[in-house]
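Tertiary structure, described
Below, each chain spelled out in residue letters.
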Amino acid sequence: MSTLPVLPTLDLEVEGMTCASCVRRVEMALNKVPGVSRADVNLATRRAHVTLAAEGADPQALVAAIEKRGYQAQVLTPENAAGMHDDADEDAAAGRRFFLALALTLPVFLVEMGGHLIPALHHTIQSLIEPRALAWIEFALATAVLAGPGRVFFTRGFKALRHLGPDMNTLVALGAGSAWLYSALVTAAPALFPAEARHLYFEAAAVVATLILLGRWLEARARGRAGSAIRHLIGLRPRTAWARRGGDWAELPIDALAVGDEVRVRPGEKVPVDGAVVEGESWVDESMITGEPMPVTRRAGDRLIGGTLNTRGSLVMRATQVGADTVLAHIIRLVEQAQGTKLPIQRLVDRVTGWFVPAVMGLAVLAFLGWLLWGPEPRLTHALIAGVAVLIIACPCAMGLATPISIMVATGRAAGLGIVFRQGDALQRLRSARVVAFDKTGTLTQGRPALTDVLPLDGPDSLDRADLLAAVASVQSASEHPIAHALLEAAQAEGLPLMPVEQFAALTGAGVQGRVEAHDWLLGNEALMDEQGVRVDPAVAAQVQTLAAQGKTAFLAARDGRLAGVLAVADTLRPGAREAIARLHALGLKTALITGDHQAAAQAVAGELGIDIVHAQTLPEHKAELLRALQSSVGALAFVGDGINDAPALATADVGIAIGQGTDVAIESADVVLMNEDLNSVARAIALSRLTLRNIGQNLFWAFAYNVALIPVAAGALYPFTGLQLSPMLGAGAMALSSVFVVVNALRLKWLPLGNL
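Residues numbered from 1 in each chain as written. Predicted model: local features only at pLDDT ≥ 70, side-chain atom pairs only at ≥ 80, totals over all residues. Heavy atoms only, no water.

Per an unreviewed UniProt entry, the protein chain goes by the name Heavy metal translocating P-type ATPase and belongs to Castellaniella hirudinis. Per UniProt, the protein chain has the following entry under Sequence similarities (unreviewed entry): "Belongs to the cation transport ATPase (P-type) (TC 3.A.3) family. Type IB subfamily." (UniProt positions renumbered as here; feature names shortened; annotations may be inferred.)

Below, the structure written as structure tokens:
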């Protein structure tokens, strides 16, 4: 199967973006840089993901292109990426700006608006301070608000305007600035204005800036919670580890560890890097990686994952992957990539909002001119209110955040459940799935044989179940066959003693023989029994056929030339497989089984689980072809697999889902990885995708409906019917709340139930 070459990529941190129109301009700037194949910019994560053409591009040229548009940028590297996730500094700075603005704005608001609420307050202020002096006090306080905490609107807004890319800051700067300038002129030169137009709007300018700063602070806090999944994953990495160097144990920084180092992990400590146990035994809590709540036993030879918690015994491990090669580092990269992915609907939103700000500025000018030419007296006052209100209320922030913030929260929650979306757009594709197809071996089943039946036969020298299993396991203890391992595991699990075996011989393709406690044992199929002169009753032969029809591998056991029992092994189902299929059916999905195993085994598994469609004896190279046929007949398809032979099918499906402990080839071919091997996570992932797309729809509806409904109101559409105009202050409050609403609505994805999944 031919594959397209994988193009190199680059990530940049972009500062200064405030709305969807910013996203559009940064993308356009990056796409114009030679060597860039495609650029995707995410407002929620404030990152640009750049796919480079084969010849590549100069990273500094990318940074320069962004800065030319009026934003700041830096290239992300493994060394500096970890520090980019801490929103605490941004949150604190936004909070300081808001509270300073609030302290300066409250006196202005009380002077101008307090009298409407408490008439006595207005009279008291007028009696204490002469009106002209009061105007200059308001001027000083409003100027302090706009020049201090509100300065960011003007510096960024006019820089964007200078680069012919007006954004949300431009709208606020023009709106609040116009109100301040008009009021300043009235204060300094009242004679220039008719008496009926000598109104001050310092409180509008100050309150508008303060409310928008409040919105940004609340948004920063909420966005910080939205990005908590990445910070949690990063927090799983311990800072130091005890490693053996030169025969002595020393505490070293994690970054100093190398592959092959021996590392001690004491009870209560986190496993520092990936590796294998060389000494000790303990229970390890892997829930932070796999989502499984129960600790698992780890002993010599077992794998350890960095970031997991050693709960009891002391372990010595040998590092096999360190730094950026660990499972945890890989998961962090995958979650980051998924959070930065742009869904198809978001690309449409970005194209619309790219023209939105210029259109709003045009509407504001039309509203101003309309009121100035045809409005009632005082025309200039009405015109100013309408123009400023349109500029303030029409902010594309909510539109820009609607999709990426939901993806950010959803992929973070998924990671906490042990579900890693390697591609964020898999969220949208998974929602559309109509059928979920499974590989059998290693996916629905354990991938190794286990003892299922021990059936002693009646006779003069008949054995009970325990004695038969102990004897057969003792004979098989000299064999390396997988069936032998299944028998030994079963005997050990039941605490049965193993006896020495003599004269052991493997009969290729037929069975084994050996002597245990002075008895000659023969284990194998019916043909072997016939060849060795052991009589098989028709009833026993029928019993073997019944077991085979159930997808089991049955064999006969003879002692001293007489049949003693029938045993069977099978690749047993994974825990929860039956429940997982039932949950998929409850979601309205069809299920399919596609396996290379023979028809009887496939039908037995499908019948036990209730799977709808069965395709057996399918060669690996034909799986992809079969999936395409299913897609044509049933609809969008998700495929769940774990092995190398599943890679083509995983790549062909609309969404490929890999079992996390499967092969690297399978995982790299998949869109979603189940780190916990829990098949119920397939249903959880689909339920989460549906909730996420519904959440995005709610956000987009609110963002667009808000603008469609309130821009005409801000322009004065209700004035002929009610005699009221929308205050710029109310517009600022509504605009700030629209962004906060979108972020808070997305945060609901952290707690919304997944249908008891």
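Once you've had a look at it, read on.
**Thoughts on the pattern of salt bridges**
By the definition in use, this model includes 16 salt bridges. Taking the shortest distance from any N to any O, the salt bridge between glutamate 262 and arginine 244 comes out at 2.7 Å. You can see glutamate 262 sitting in strand β7 (residues 262–265) and its partner arginine 244 sitting in strand β5 (residues 240–245), a full 18 residues away along the chain. Overall, arginine 244 belongs to the partly exposed group, its relative accessible area being 30%. Note that glutamate 579 and arginine 583 form a salt bridge whose closest N and O atoms lie 2.8 Å from each other. In this pair, glutamate 579 and arginine 583 both sit in helix α23 (residues 577–586), four residues apart, roughly one turn of the helix. In the salt-bridge network here, residues are joined through shared partners; they are Arg244, Glu262 and Arg318. (Salt bridge = Lys/Arg side-chain N within 4 Å of Asp/Glu carboxyl O. Helix = DSSP H or I, 4+ residues; strand = E, 2+ residues; numbered from the N terminus. Buried < 20%, exposed > 50% of the residue type's maximum accessible area, 1.4 Å probe, protein only.)

**A short note on the environment of alanine 276**
As for its placement among the helices and strands, alanine 276 is situated in strand β8 (residues 274–279). According to the relative accessible area criterion, alanine 276 is partly exposed, its value standing at 24%. Taking the C-alpha atoms as reference points, alanine 276 and glycine 301, separated by 25 residues in sequence, lie 5.8 Å from one another. Excluding anything up to four places from it in sequence, alanine 276 contacts Asp302, Val316, Met317, Arg318 and Thr320. (Contact = heavy atoms within 4.5 Å.)

**Considerations on the nonpolar core**
Ranked by internal contacts, the top residues of the largest apolar core, which has 137 residues, are Met17, Leu30, Val50, Phe421, Val436, Leu444 and Ile657. Take this core: its biggest share by element is 13 residues, from helix α28 (residues 680–715). Residues contacting methionine 17, with those up to four places away along its chain left out, are Cys22, Val23, Val26, Val41, Asn42, Leu43, Arg46 and Tyr71. Residues Ala470, Ala471, Val472 and Ala557 belong to the second largest nonpolar core, which totals 27 residues. (Core = buried A, V, L, I, M, F, W, Y, C linked by side-chain atoms within 4.5 Å.)

**Describing the sheet that holds β5**
Strand order in this open sheet of six strands is β6-β5-β7-β13-β8-β11, and the pairing throughout is antiparallel. Only two strands of the sheet have a single neighbouring strand rather than two, namely β6 (248–253) and β11 (303–304). Here β5 runs beside β6; their pairing, made up of six bridges, is antiparallel. Bridge assignment links arginine 244 to a residue of β6, and that residue is tryptophan 249. (Pairing = 2+ DSSP bridges.)

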